[in-house]
Amino acid sequence: IPIPEDGATKFVNFKFEGDPTPWLDYASERKGRFVGLANKDGSTKTECGIHVAGAEKTFDRDLWEEGKVKNIESTDEAIEITKSGKPAVITVYAPWCQFCQGMEDEYAKFAEEADIDVFKFRG
């Protein structure tokens, strides 16, 4: 967690002393990431596109449709798996996400070789 240079804000005993804004500046590392880029409609790009309405319609298949990666259908099922005490790996993904697509082959290979259950959960 970045500490304000002047020491005006501190985190003591699980409470903020001073202005917590510098500590709670969510996603500041992403500011300016899309400067100069445009969407297909010509508007200014402010996001990668996976978090906008309709993004789910931009990719025509699911990831890990075959192989050893097991599908989790619901949040309750995911919670049940995590509470089971059995070692497992769960990836939360969106099929239209370029980063998820990029890890598809390696994750499938990992699932084939792993001695534990490997799951996917469409988030």
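Refer to the structure above for everything that follows.
Residues numbered from 1 in each chain as written. Predicted model: local features only at pLDDT ≥ 70, side-chain atom pairs only at ≥ 80, totals over all residues. Heavy atoms only, no water.

Caption draft 1: The arrangement of the side chain of Glu104 in detail. Relative to the helices and strands, Glu104 is located in helix α3 (residues 104-113). Accessibility expressed as a relative area gives 13% for Glu104, which makes it buried. What Glu104 contacts, discounting residues up to four positions off in sequence, is Arg61, Leu63 and Trp64. (Helix = DSSP H or I, 4+ residues; strand = E, 2+ residues; numbered from the N terminus. Buried < 20%, exposed > 50% of the residue type's maximum accessible area, 1.4 Å probe, protein only. Contact = heavy atoms within 4.5 Å.)

Caption draft 2: Up close: the environment of Phe119. Within the fold, Phe119 resides in strand β5 (residues 117-122). Classification of Phe119 by relative accessible area gives buried; the value is 8%. When neighbours within four sequence positions are excluded, Phe119 is seen to be in contact with Val69, Lys70, Ile72, Ile81, Ala88, Val89, Ile90, Thr91 and Tyr107.

Caption draft 3: Examining α3 more closely. Along α3, the residues classified as buried are Glu104, Tyr107 and Ala111. Burial along α3 is one-sided: seen end-on, the buried residues are contained in an arc of 70 degrees. Of the residues in α3, the exposed ones pointing more than 90 degrees away from the buried face are Asp105, Glu106 and Glu113. (Arc of directions from axis to C-beta.)

Caption draft 4: The sheet that holds strand β3 (residues 70-72), seen in detail. The strand order β3-β5-β4 describes an open sheet built from three strands, whose pairing is parallel. Strands with a single pairing partner mark the edges of an open sheet, and in this sheet they are β3 and β4 (88-93). Ignoring strand direction, the axes of neighbouring strands in this sheet form an average angle of 30 degrees. When β4 meets β5, the two strands line up parallel, connected through six bridges. Looking at β5, one finds that Thr91 is bridged to Lys120. (Pairing = 2+ DSSP bridges. Axes fitted to C-alpha atoms, helices over the stretch in contact; angles between N-to-C directions.)

Caption draft 5: Expanded view of the side chain of Thr91. With respect to the helices and strands, Thr91 occurs in strand β4. In this structure Thr91 touches Trp64, Met103, Tyr107, Phe119, Lys120 and Phe121, once residues within four positions along its chain are discounted.

Caption draft 6: Main features of the environment of Ala88. The topology assignment puts Ala88 in strand β4. Its relative accessible area of 33% is what places Ala88 among the partly exposed residues. In the structure, Ala88 is positioned 30 residues away from Val118 in sequence and 5.8 Å away in space, judged by C-alpha atoms. Not counting chain neighbours up to four residues away, the residues in contact with Ala88 comprise Ile81, Ile116, Asp117 and Phe119.

Caption draft 7: Layout of the nonpolar core. Ranked by size, the top nonpolar core spans eleven residues in total: Leu63, Trp64, Val69, Tyr93, Ala94, Trp96, Cys97, Cys100, Tyr107, Ala111 and Val118. For Cys100, the residues in contact, after removing those within four places along its chain, are Leu63, Trp64, Tyr93 and Ala94. Counting five residues, the second largest nonpolar core, distinct from the first, contains Ile72, Ile81, Phe119 and Phe121. (Core = buried A, V, L, I, M, F, W, Y, C linked by side-chain atoms within 4.5 Å.)

Caption draft 8: Broad picture of unusual backbone geometry. Here the phi dihedral of Trp64 falls at roughly 55 degrees; this positive angle occurs in a residue that is not glycine. Take Trp64: it is sitting in the loop between β2 (15-17) and β3.

Don't take any of this as a statement about function, it's just geometry.
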